[in-house]
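Listed below, chain by chain, are the residues.
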Amino acid sequence: MSHVKANALWGARCGQSARRVLTGGTSTRSHAGSVRSRARKCCLRQRAAKANASRLVSTDHSVSHDWLVRFVEHRIGDPRVIRLIRKWLKAGVMEDGSWAPTEAGTPQGSVASPTLANIYLHYCFDLWADRWRHREARGNVIYVRYADDIVAGFEYEDDAQRFLAELRARLDQFALTLHPEKTRLIEFGRFAAENRTRRGVGKPETFDFLGLKHICGRSRAGYFKLKRKSRRDRMRAKLKALKIELKRRRHDPIPVQGHWLAQVVRGYFAYHAVPTNSRSLGAFHHHVKRLWLRALRRRSQRTRMTWARFSRIAADFLPTPRILHPWPEARFSVTHPRWKPSA
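Parameters at a glance
- Residues numbered from 1 in each chain as written.
- Predicted model: local features only at pLDDT ≥ 70, side-chain atom pairs only at ≥ 80, totals over all residues.
- Heavy atoms only, no water.
- Helix = DSSP H or I, 4+ residues; strand = E, 2+ residues; numbered from the N terminus.
- Buried < 20%, exposed > 50% of the residue type's maximum accessible area, 1.4 Å probe, protein only.
- Contact = heavy atoms within 4.5 Å.
- Areas by Shrake-Rupley, 256 points an atom, 1.4 Å probe, with all protein chains shown as cover.
- Core = buried A, V, L, I, M, F, W, Y, C linked by side-chain atoms within 4.5 Å.
- Salt bridge = Lys/Arg side-chain N within 4 Å of Asp/Glu carboxyl O.
- Polar contact = N/O pair within 3.5 Å; in protein donor to acceptor, adjacent residues only side chain to side chain.
- Arc of directions from axis to C-beta.
- pLDDT = per-residue confidence, 0-100.

1. Details of the overall build of the protein
A count of helices and strands for the protein gives 13 helices and nine strands. The buried share of the protein, taken over its 343 residues, is 42%. The long-range share in the protein, meaning contacts at least 24 apart out of those at least 6 apart in sequence, stands at 67%. About 19900 Å² of surface is accessible on the protein, with carbon and sulfur atoms providing 50% of the total.

Following this line, the structure appears as structure tokens:
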């Protein structure tokens, strides 16, 4: 979506104010499936026999305007905010210099689009799933939604199959569908490896969630342990973008490059430095050093940048890979203690 400069400035200011109003007025309160990234680190440690990893298809393009306005009006009574949201939804899109109206979906690039999409999914999925797991499920059910990514765990396979079938029908009522390639029903959890070995069907399947691959593993003592590691395709994409940027900054002073690279690596570690992911962190750190060394050697044909000399430079700027996040049960026990009835 393209705007003139003045309108973009006005839209950004107004959008930030409305986003704060929407965020404060449409909180998910204490639902078990509320959008909290910390919850995902513990949900898969439960005794779930079946896991359903799914993704909703292009929520921004499929949102029904009528349903979205009704959902917002359920919590917000200010007609000025409702009128502003209607204007956003009807703003249209600009492609190749031609304007096209929007009959469905939220405006691409708007600061309020993620909040509006989250409100839509809160009423379409969160409230329904919380009711389903209390009234329809035969065993334990856990689910986590982050934006349009959903992971649900079930104690019994028939619950998982019924949930998936009813979820498709539920989303169809609100013009949403599940991604056909990213929606899977897999056997995952504490006893998945033993059950699959007994049937002779190989190791348990893995699934990707929020940039991390989740794997059924074993600790050194032989107990079940959920392993997470960075997705290879995401790491390759990050290194490819880093290589292009290093080429552009090739002739900058080494301290300037070092401080910039330190910020990039530190930001990557801040998200991916979870337990059981040390190998991926070390691989990323190693490849960043190799890309930086190659960029420095291409500054001149008479370069004297050896690996020993470069290692001392990299040690001065790049942070060492180490685990920064606690184990899932340590973080979850602080936020949601087990002794509470609502935990």
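Picking up where we left off.
2. Comments concerning unusual backbone geometry
For Ala 147, which is not a glycine, the phi torsion comes out positive at approximately 60 degrees. Structurally, Ala 147 can be placed in the loop between β4 (141-146) and β5 (149-154). Phi is positive for Leu 210, which is not a glycine, with a value near 55 degrees. Structurally, the position occupied by Leu 210 is in the loop between β7 (207-209) and β8 (212-218). Residue classification places Leu 210 among the buried residues on the basis of a relative accessible area of 14%.

3. Thoughts on the nonpolar core
Formed by 37 residues in total, the largest nonpolar core has its most connected members in Val 72, Tyr 120 and Phe 163. Of all the elements, helix α6 (residues 113-135) adds the most residues to this core, at ten residues.

4. Structural notes on the environment of Arg 279
Residue position: Arg 279 is located in helix α11 (residues 278-297). Sequence separation of Arg 279 and Ser 230 is 49 residues, and the distance between their C-alpha atoms is 9.3 Å.

5. So, the pattern of salt bridges
This structure, assessed with the given rule, holds 15 salt bridges. The partner of Arg 162 in a salt bridge is Asp 159, with the nearest N and O atoms 2.7 Å apart. Highlighted residues: Arg 162 and Asp 159, both in helix α7 (residues 157-172), separated by three residues, approximately one helical turn. With a relative accessible area of 29%, Arg 162 lands in the partly exposed category.

6. Some thoughts on the side chain of Arg 196
Tracing the chain through its elements places Arg 196 in helix α8 (residues 192-199). Among the polar contacts made by the side chain of Arg 196, one reaches the main-chain carbonyl oxygen of Lys 203 at a distance of 3.0 Å. Residues in contact with Arg 196, not counting those within four places in the same chain, are Glu 187, Val 201, Gly 202, Lys 203 and Pro 204.

7. A look at the environment of Arg 231
Structurally, the position occupied by Arg 231 is in the loop between β9 (224-230) and α9 (232-248). When its relative accessible area of 18% is taken as the criterion, Arg 231 is described as buried. The spatial distance from the C-alpha of Arg 231 to the C-alpha of Asp 208 is 7.6 Å, given a sequence separation of 23 residues. In contact with Arg 231, not counting residues within four places along its chain, are Asp 208, Gly 211, Leu 212 and Lys 213. One polar contact links Arg 231 to Asp 233, side chain to side chain, over a distance of 2.7 Å.

8. Let's talk about the side chain of Asp 130
Relative to the helices and strands, Asp 130 is located in helix α6. Using a relative accessible area of 15% as the deciding quantity, one classes Asp 130 as buried. Within the local environment of Asp 130, its side chain forms a polar contact with the side chain of Arg 133, the two groups lying 3.4 Å apart.

9. Here's the deal with helix α4 (residues 65-73)
Three or more residues of α4 are buried, namely His 65, Leu 68, Val 69, Phe 71 and Val 72. Around the axis of α4, the buried residues are gathered within 160 degrees of arc, so they sit on the same side. Facing away from the buried side of α4 by more than 90 degrees, the exposed set consists of Asp 66 and Arg 70.

10. Quick word on the confidence of the model for the protein
In this model, the protein carries a mean pLDDT of 77, and residues with pLDDT of at least 70 account for 74%. This stretch, residues 1-22, has a pLDDT under 50; its non-local contacts, to residues over four places away or in other chains, come to 25 contacts. Note that residues 25-48 has pLDDT below 50 and, in this model, 62 contacts with residues that lie over four places away or in other chains.

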